[in-house]
Amino acid sequence: MKPTLPIIALVAAMPAFAQETRSLGAHEHGVAALNIAIDGALVAMEFRAPGADIVGFEYAAESDADRAAITAAIGLLRAPLDLFVLPAAAGCIVTEADADLEGGMADDDHDDHDHDHDQAHDHEDDGHDDHSDEDHEAGHTEFHATYLLTCDDPEALSGISFAYFETFPNAREVEVQLITSSGAQAFEVERASPTLEFGP
Ligand SMILES: [Zn+2]
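Source: prediction; values computed, not measured. (Residues numbered from 1 in each chain as written. Predicted model: local features only at pLDDT ≥ 70, side-chain atom pairs only at ≥ 80, totals over all residues. Heavy atoms only, no water.)

Caption draft 1: Local environment of the coordination of the zinc ion. Taken together, the protein donors to the zinc ion comprise His 27 (NE2), His 29 (NE2), Glu 58 (OE), Glu 58 (OE) and His 140 (ND1), at separations of 1.7 to 2.6 Å. All donor residues of the zinc ion come from one chain, and their arrangement in sequence is H-x1-H-x28-E-x81-H. Linking Glu 58 in the loop between helix H3 (51-54) and helix H4 (64-77) with His 140 in the loop between strand E4 (92-103) and strand E5 (141-151), this pair joins segments that are 82 residues apart in sequence. Look at His 140 and you get buried, because its relative accessible area is 2%. (Donors = N, O, S within 2.8 Å, 3.2 Å for Na, K, Ca; no water. Helix = DSSP H or I, 4+ residues; strand = E, 2+ residues; numbered from the N terminus. Buried < 20%, exposed > 50% of the residue type's maximum accessible area, 1.4 Å probe, protein only.)

Caption draft 2: Local environment of the sheet that holds strand E8 (residues 183-190). The six strands are arranged E4-E5-E2-E1-E7-E8 in an open sheet whose pairing can be described as mixed. Two strands lie at the open edges of the sheet, namely E4 and E8, each paired on one side alone. Between one strand axis and the next, the sheet turns by 15° as a mean value, whatever way the strands run. In this sheet, strand E2 (residues 42-50) lies alongside strand E1 (residues 31-39) in antiparallel orientation, the contact comprising seven bridges. (Pairing = 2+ DSSP bridges. Axes fitted to C-alpha atoms, helices over the stretch in contact; angles between N-to-C directions.)

Caption draft 3: Structural context of H4. For H4, which comprises 14 residues, the first-to-last C-alpha distance of 20 Å matches the rise-based estimate of 20 Å (1.5 Å per residue) to within 8%. Among all positions in H4, only Asp 66, Ile 70, Ala 73, Ile 74 and Leu 77 are buried. Angular distribution of buried residues about the axis of H4 spans 100°; they occupy a single face of the element. Away from the buried face of H4 by more than 90 degrees, exposed residues Asp 64, Ala 65 and Thr 71 are located. Considering only its buried residues, H4 is in contact with E2, H3, helix H5 (80-83), E4 and E5. (Expected span 1.5 Å × (residues − 1). Arc of directions from axis to C-beta. Contact = heavy atoms within 4.5 Å.)

As structure tokens, this is what we get:
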């Protein structure tokens, strides 16, 4: 029923995205991924970023401060136009936005328990940088968000300004894949130059 499904499917079918999904433990800290599909007035976006980039840690939340940081981050990630600023002339509004934390212990519904801490989990306090292929046991977490926008004037979608880097000081780079009716393009947007202009 939803006209949006094919676009979402298109994004999910992107090779890089499939790879991201499969290997949660293989992300590089500082590097996030943003996939964008533009189809007429509809814009679908999918965003993944290491927990380290967004909240500065990837262990299971241990303290109230940790949990508050995660909740706050999810709130920020649910406002995509404040992170990935689109030209005002395009007149885009967010029709759907979802964000959550994946990996580590975050997938378990421990939050509802009334005791404060769970039984001992493996925490890796030192470098998470060694990549392990153990999908959900590498101690990595990722924030994952999906967005759906509609734009009054999609022709005016000439680029994106990444306020994201200001919001999240640990973020260094966003790997962007853009799919439009004219094909797919890949970009790397870095903190030092946080603006992406879609090529002709
Ligand atoms: Zn990690």
